[in-house]
Amino acid sequence: MADTENEKPFKVSVPDEDLEQLRQRLALARFPDELDEAEWEYGVPLADVRRLAARWADGFDWRSAEAAINALPQFTRDVAVDGFGTLNVHYVHQRSAVTEDAIPLLFVHGWPGHFLEVRKLLPLLTAGSAEQPSFHVVALSLPGFGFSEAPKKKGFAAKQYAEVANNLMINLGYTEYVVQGGDWGHYIAGYLATYYAHKHVKGWLSNYTNALPPKLWNAPLAYLTHLVTPYSAKEKAGWTRSQGFRLTGSGYSHEQATRPQTLGYSLADSPVGLLAWIYEKLVEWTDEYRWRDDEVLEWVSIYWFSRAGPGASVRIYKEMTQGFTRATTADVRWTSIPLGFAYFPKELNRVPRSWLSTLGRIVFESEHEHGGHFAAHEQPGELADDMRRMFGKGGPAFGVVAGKSGYAA
Amino acid sequence: MADTTEQPFTVAVSDTDLELLRKKLDLVRLPDELEGAEWNYGVPLADIKRLVAYWKDSFDWRKAEAGINKLPMFTRDIEVDGHGTLNIHYVHQKSEVKNAIPLLFVHGWPGDFLEVKKVLPILTAKSDEHPSFHVVAISLPGFGFSEAPKKPGFAGRQYAEVFNKLMVALGYNEYVYQGGDWGHILGAHAVTHYGHTNIKAWHSNMPFYRAPKFFSNPLLFLGMLTIPFDTVTKTRLAHSMKWQSKGRGYFIEQATQPQTLGYSLSDSPVGLLAWIYEKLVDWSDKYPWTEDEGRLLEWISIYWFSRSGPAAAGRIYYEMTSQNQHDVLEGTKYSSVPLGASYFPGELVRLPKSWTSMLGNVKFEAEHDKGGHFAAYEQPEKLAGDLRKMFGKGGPAHGVVPGKNGYD
C-alpha cells in the first residue's frame, strides 16, 4: 500500500537571490595559470574552464533548464532511517505508460552523478508493448545529493543508503522491485541485495564492474576459477584502464574519502572550482561523449544549487570506505537473486568476471562497443535494452516480481 | 663580474587585489558539517568561520606586508637549461661575520620563504661561542614571489640548478644547505648534482629515505625482516602510517591533477585557507595557532597573493613524481657530502633512524621532544641550535666551506 500522505509534489525552484549570487561569484572568478601545451595532462584545461565559466555567467539559461527538469514527475517524502530519524528524500517517479503490471525499478546514481541521469532512460523504460517489457521507474536523489536532505550525523553508510532506498520503494507501494545502478549505485544495489534480497529486491543490473577478488574461504569455486582462467582480451584492456585510473585518476577519491570537509570548503564556495572538479570526470570517464556546454552547466548547477550543498555529496566516500580503510564491497554478501552486468568499454574500472561473481548469481551479461561510466546518459538505448533483455519475456530474470511481469495482462 | 639582474624586492600587493579578496570573503558560501565531526572529516567549520571573520574584518595585510618588507629581499633572473629564465625571489641576509658560512634555506609545501624568519636572527648572530651564517632563503619557483616554470618537466635537476646558480651568482661558490619537506627532498637532488663541488654539507629536519631494498642495502633489509623494531621505532612507524592512510589525499590530487585542484585554490580564499590550514595543524606539534592567527592569515595570504597564484605551487608534486609514477627521490644518488639530521616528534614521516644512513653520510643527528614539520617556525632555537652544533667549532661539519668556518 502506497503511503501517499507523506508525499509532496516537487519542483526545482532556485531562488533569484541564489542565481544572482552565482553570477556575482562568477564575475569575481580568479583563474590559475597553466603550463604551455598542458592540454589534459595536469587536469582540466584552462580554456575549457574559462569558456564554461563565461557561459555560466552569461548565456546559460538556468530557468529554462529548470523548467525542463520540472517536466519530470518529482516528489519528496520523509523516509525513516534507523538511528538517523527521517530524511526528506527527493525522487523522480514515473509510472509505466502502458500497464499497471510494469516492473518496479529503482535507479540509483553515484558521484558526480545525480537523479537526472535517469532522464533519457525514462521514456524508453516506461514504454512497452507485447514485445517489450515496461517499468515503473523511481530515481532518487541520494541523501546529500540533488534535492534530498543530507544526513546530519556521522556513520550514514552502506546499511543506511540501502535502508533509505528500500523504505522509499516500500512507501511507494513497491514491496518487490529490481534495481539498476552504476558508480555508488552499483555498491548501494549490492547492499540492497545483501539486506533485502528475495523479500524486497528481486534482481539487479549494474553497469559498474568493481568487486573484490574471491577468497578461498568465501568463494572457493570462484577463487579456483580466478587462478586458472586466463583473462579475456576485454578483461585485460579493462584491467590496464583500471590501473591507469588508480594511478592517475583517483586523487579525488583519496581526498573525498579522508578529508571531505576540507575539500568541501572549496566546492561550496567556488563555482569555478566545482565546475572543474566535476567536469574533469564528465570528460575523463565518458567515451568521447560530445558534451554541450549547457549540458555540462546544467549538470554542475544541480550540484551548485543542491539542497545540502556540494560539500555534503563527497562525504559518501568517507562513510562508505570508513576513511579509505575498507573496500566498499567488503560487506556485500552473495545472494541468489539474478544479477546482470552491462560492460561498457570506457568504464574506469574492470575486474575479472570471477571477482564479479562474488557479488551474486550472474545471469546476464552484455558487452558493448561504446560507452563509459555514465552509461545511462551516454548510451541510454543500450542500457534500456539490457534491462529489457534481462527482465523481459525469455530473459533470465523474467517475472521476478510477482504479478509485475512488465506486460499488460 | 657583476651580475646586474638583482633587484631589491618589496612585497606590494595592489589595492585591486586586496579589494578582490575582500569581495570574495564577503560572498563566502560555507558547507554544512556533520554533528560531532571535529577533525575527523577535515577542518572543522567553527575554525573556518572564525578565521574567515578575522581575515575579512580584522586582519591587516598592509601591516603584515610592512613587516615582511623589513627582511632584505631581492629578485634576480636565473637561467635554467631548457626552461628559459625564471625570476627568482629570495631573502639574503649577510652576517657581520665576514667568514660566515653561506647557507641556503629551502622551504616546502605548504611552506614559504617566511619560514626562515625566526631562525634568521639566530643564524646570522655574531659570537665567539657559535658559528655565524650568511643566509639565503629562496622562494621555490612557483611559490611566494618567484616566477613559476612555464613548461612541463621542471623537476629535481632543475630545482638543483636554480639553487646552485643563485648561490654562485651571490658569490657563494661553496655553501651548505638546510631544508625540510620539499626542501629535504630537493636537498637530496641538489647534493646529487652539486655535492662536493658546491654543496659541502647539508641538513634536513625531515630526514626520510626509501625503505631498504635487498639489493641496495642487504643488511638493513634483512634487519628490517628479522630484528623486531624497538618500541620507539614502532611508534615512529605508526605515526608515519597515520599520514600514509589518512593524510595523503592532497598529495595524490596534487601529483595527478594539480590543474583541476588549482581552479578551487585560485578562486576561493576559504578553500585555500582550509587546504593549507589543515596541514599547518596536522603537521605541527600542537602549535598554538589560535594565539597566532594574524601570522596564520599572513601565511595563507602569501599563497593567495603569490606571484604565480596558489595553483602553481601544487605542480611540484606532479613533476617530482612524473604524475605519481615514481617516488620523489627518483634520480638521487647517495652522496658522501656530510649530512645532518634533526628529528622532531611531530614530523609527519618518521622512519627508523637506521634508514637515514641510506640517505647520506650522516655526521650529525639530534633528537628533540618537541616540534613538528614546520621546525624552523615551531622550534627555531632548536633547529638553529642543531646547525650551530653541526657546523660550530668541534662540530662534525666544522670548516666544510674553505675559508668560511663561521668565525672571524
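Residues numbered from 1 in each chain as written. Chains lettered and ligands numbered in written order. Predicted model: local features only at pLDDT ≥ 70, side-chain atom pairs only at ≥ 80, totals over all residues. Heavy atoms only, no water.

### Let's talk about the overall build of chain B
In step 1: When you go through chain B residue by residue, the secondary structure sums to 16 helices and nine strands.
In step 2: In terms of its C-alpha atoms, chain B occupies a principal-axis envelope of roughly 60 × 55 × 45 Å.
In step 3: Residue burial in chain B is summarised as follows: out of 408 residues, 62% are buried.
In step 4: Across chain B, contacts joining residues at least 24 apart in sequence account for 78% of those joining residues at least 6 apart.
In step 5: In the form shown here, chain B has an accessible surface area of approximately 15300 Å², with 53% of it arising from carbon and sulfur atoms.
In step 6: Averaging the positions of the 43 positive and the 47 negative side-chain charges in chain B gives two centres separated by 4 Å. (Helix = DSSP H or I, 4+ residues; strand = E, 2+ residues; numbered from the N terminus. Buried < 20%, exposed > 50% of the residue type's maximum accessible area, 1.4 Å probe, protein only. Contact = heavy atoms within 4.5 Å. Areas by Shrake-Rupley, 256 points an atom, 1.4 Å probe, with all protein chains shown as cover. Lys, Arg positive; Asp, Glu negative; His and termini not counted. Charge placed at Lys NZ, Arg CZ, Asp CG, Glu CD.)

### So, the overall build of chain A
In step 1: Within chain A one finds 17 helices and nine strands.
In step 2: Scaling as 2.2 N^0.38, a compact globule of 409 residues should have a C-alpha radius of gyration of about 22 Å, and chain A matches this with 21 Å.
In step 3: Each principal axis of the C-alpha distribution contributes one length, and for chain A these read about 55 × 55 × 40 Å.
In step 4: By the burial criterion, 63% of the 409 residues in chain A qualify as buried.
In step 5: If you take every contact in chain A between residues at least 6 apart in sequence, the share linking residues at least 24 apart comes to 79%.
In step 6: In the form shown here, chain A has an accessible surface area of approximately 15100 Å², with 51% of it arising from carbon and sulfur atoms.
In step 7: Charged side chains in chain A number 41 positive and 48 negative. The centres of these two groups are separated by 6 Å. (Rg over C-alpha atoms; globule rule 2.2 N^0.38 Å.)

### So, the packing of aromatic side chains
In step 1: Here the structure, examined in full by the defined rule, presents 52 aromatic pairs over all chains.
In step 2: Measuring from centroid to centroid gives 4.9 Å for B:Trp182 and B:Tyr317, while their planes differ by 85°, and the two rings are edge-to-face. One end of the pair, B:Trp182, is in helix H6 (residues 182–194); the other, B:Tyr317, is in helix H13 (residues 310–321), and 135 residues separate them in sequence.
In step 3: Taking relative accessible area as the criterion, B:Trp182 reaches 2% and is therefore assigned buried.
In step 4: Put simply, the rings of A:Trp111, A:Trp184, A:Tyr187, A:Tyr208, A:Phe245, A:Tyr252, A:Trp285, A:Tyr289, A:Trp291, A:Trp299, A:Tyr317 and A:Phe374 pair up and form one aromatic cluster.
In step 5: The positively charged end of A:Arg350 is found above the aromatic ring belonging to A:Tyr343, 4.2 Å away from the centroid. (Phe/Tyr/Trp six-rings, centres within 6.5 Å; stacked < 30°, edge-to-face > 60°. Lys NZ or Arg CZ within 6 Å of the ring centre and 35° of its normal.)

### A few points about the interface of chain B and chain A
In step 1: Between chain B and chain A, the contact holds 65 residues from the first and 59 residues from the second.
In step 2: For the pair chain B and chain A, the summed buried surface comes to about 5500 Å²; carbon and sulfur atoms form 52% of the total.
In step 3: Our count for the chain B to chain A interface comes out at four salt bridges.
In step 4: Two residues, A:Arg259 and B:Asp282, come together in a salt bridge whose shortest N-O distance is 2.6 Å.
In step 5: Counting the contacts that link chain B with chain A gives 39 residue pairs in polar contact (both at pLDDT 80 or more). (Buried area = accessible area lost by both parts, 1.4 Å probe. Salt bridge = Lys/Arg side-chain N within 4 Å of Asp/Glu carboxyl O. Polar contact = N/O pair within 3.5 Å; in protein donor to acceptor, adjacent residues only side chain to side chain.)

### Regarding the sheet that holds strand E2 (residues 73–80) of chain B
Pairing between sheet strands relies on hydrogen bonds along the backbone, with the strands arranged either parallel or antiparallel.
Residue and element names in this part refer to chain B.
In step 1: The mixed open sheet is built from nine strands, whose spatial order is E1-E2-E3-E5-E4-E6-E7-E8-E9. Of all strands in the sheet, those with a lone pairing partner are strand E1 (7–8) and strand E9 (361–367), marking the two edges.
In step 2: Of the pairings in the sheet, the one linking E1 to E2 comprises two bridges and is antiparallel in character. Residue Gln7 lies in a different strand from E2, and its bridge partner there is Thr75.
In step 3: The strands that helix H16 (residues 380–391) touches are strand E4 (101–106), strand E5 (133–138), strand E6 (175–179), strand E7 (199–204), strand E8 (338–343) and E9; relative to E7, the one it contacts most, it runs at about 145°. (Pairing = 2+ DSSP bridges. Axes fitted to C-alpha atoms, helices over the stretch in contact; angles between N-to-C directions.)

### So, the nonpolar core
In step 1: The biggest cluster of nonpolar side chains holds 253 residues, and the ones touching the most others in it are A:Trp62, A:Leu192, B:Trp109, B:Phe163, B:Trp182 and B:Phe391.
In step 2: When near neighbours in sequence (up to four residues on either side) are disregarded, B:Trp182 contacts B:His107, B:Gly108, B:Trp109, B:Leu140, B:Gly187, B:Ile316, B:Tyr317, B:Met320 and B:Val328. (Core = buried A, V, L, I, M, F, W, Y, C linked by side-chain atoms within 4.5 Å.)

### Focus: H16(B)
In step 1: For H16(B), built from twelve residues, the straight-helix expectation of 16 Å at 1.5 Å per residue is met to within 8% by its first-to-last C-alpha distance of 16 Å.
In step 2: The set of residues buried in H16(B) consists of B:Pro380, B:Leu383, B:Ala384, B:Gly385, B:Asp386, B:Leu387, B:Met390 and B:Phe391. (Expected span 1.5 Å × (residues − 1).)

### Section: the pattern of salt bridges
In step 1: Tallied over the full model, the rule gives 37 salt bridges over all chains.
In step 2: A salt bridge links A:Arg95 to A:Glu100; the nearest nitrogen and oxygen atoms lie 3.1 Å apart.
In step 3: A:Arg95 sits in the partly exposed class, given a relative accessible area of 34%.
In step 4: Notably, a salt bridge pairs B:Lys286 with B:Asp285, separated by 3.7 Å at the nearest N-O pair.
In step 5: Residue class for B:Asp285 comes out buried when judged on its relative accessible area of 18%.
In step 6: Because the salt bridges share partners, they merge into one network encompassing B:Glu19, B:Arg22, B:Asp26, B:Lys56 and B:Asp57.

### Quick word on the packing of helix H5 (residues 156–169) of chain B against H6(B)
Residues and elements named next belong to chain B.
In step 1: Here H5 crosses H6 at 75°, and the two axes come no closer than 8 Å. As summarised for this structure, H5 and H6 are arranged roughly perpendicular, according to the angle between their axes. Taking contact as the criterion, the partners of Gly156, Arg157, Tyr159, Ala160, Glu161, Phe163 and Asn164 in H5 are, on H6, Leu186, His189, Ala190, His193 and Tyr194.
In step 2: Among the residues making up the contact of H5 with H6, the classes are represented as six nonpolar, four polar and two charged. (Parallel < 35°, antiparallel > 145°, perpendicular 65-115°, else oblique. Nonpolar A, V, L, I, M, F, W, Y, C, P; charged D, E, K, R; others polar.)

### Side note on the pairing of E5(B)
All names here are of chain B.
In step 1: With six of six residues buried, E5 lies mostly within the body of the structure.
In step 2: Judged by which residues are buried, E5 turns out to be covered on both faces: Phe133, Val135 and Ala137 on one side and His134, Val136 and Ile138 on the other are all buried.
In step 3: Note that strand E3 (residues 84–93) and E5 share four bridges and pair antiparallel. Bridge pairing in E5 places Val91 opposite Ala137.
In step 4: Pairing of E4 with E5, which is carried by six bridges, proceeds in the parallel orientation. Bridge pairing in E5 links Pro102 to His134.
In step 5: Each parallel crossover has a hand, and the one from E4 via helix H4 (residues 119–124) to E5 is right-handed. (Right-handed = clockwise from strand over helix to strand, strands pointing away.)

### So, the sheet that holds strand E9 (residues 361–367) of chain A
All names here are of chain A.
In step 1: With respect to topology, nine strands assemble into an open sheet ordered E1-E2-E3-E5-E4-E6-E7-E8-E9, the strand pairing being mixed. Only two strands of the sheet have a single neighbouring strand rather than two, namely strand E1 (8–9) and E9.
In step 2: In this structure, strand E6 (residues 177–181) lies alongside strand E7 (residues 201–206), joined through five bridges in parallel fashion. Paired with Gln180 across the two strands is Leu205, which belongs to E7.
In step 3: Running over the sheet, helix H17 (residues 380–391) touches strand E4 (103–108), strand E5 (135–140), E6, E7, strand E8 (338–343) and E9 and is turned about 145° from E7.

### Digging into the confidence of the model for chain B
One rule of thumb: low pLDDT means the predicted coordinates there are not for detailed reading.
In step 1: Looking at chain B, the pLDDT average stands at 93 and 95% of residues meet or exceed 70.
In step 2: Both scores are available for the predicted complex, with the pTM at 0.95 and the ipTM at 0.95. (pLDDT = per-residue confidence, 0-100.)

### Thoughts on the environment of B:Ala137
All names here are of chain B.
In step 1: Of note, Ala137 is situated in strand E5.
In step 2: Considering only alpha carbons, one finds Ala137 and Gln93, 44 residues apart in sequence, at a separation of 8.7 Å.
In step 3: Residues within four places of Ala137 in sequence aside, it is in contact with His89, Tyr90, Val91, Phe105, Phe113 and Val116.

### Points about the packing of helix H2 (residues 45–57) of chain B against helix H12 (residues 293–304) of chain B
Each pair of packed helices gets described by two things: the angle between the helix axes and the distance between those axes.
All names here are of chain B.
In step 1: Two numbers describe how H2 lies on H12: the axes approach to 11 Å, and their chain directions differ by 80°. As summarised for this structure, H2 and H12 are arranged roughly perpendicular, according to the angle between their axes. Taking contact as the criterion, the partners of Arg50, Leu51, Tyr54 and Trp55 in H2 are, on H12, Glu293, Gly294, Leu296, Leu297, Ile300 and Ser301.
In step 2: Partitioned by chemical class, the residues of the contact of H2 with H12 number six nonpolar, two polar and two charged.

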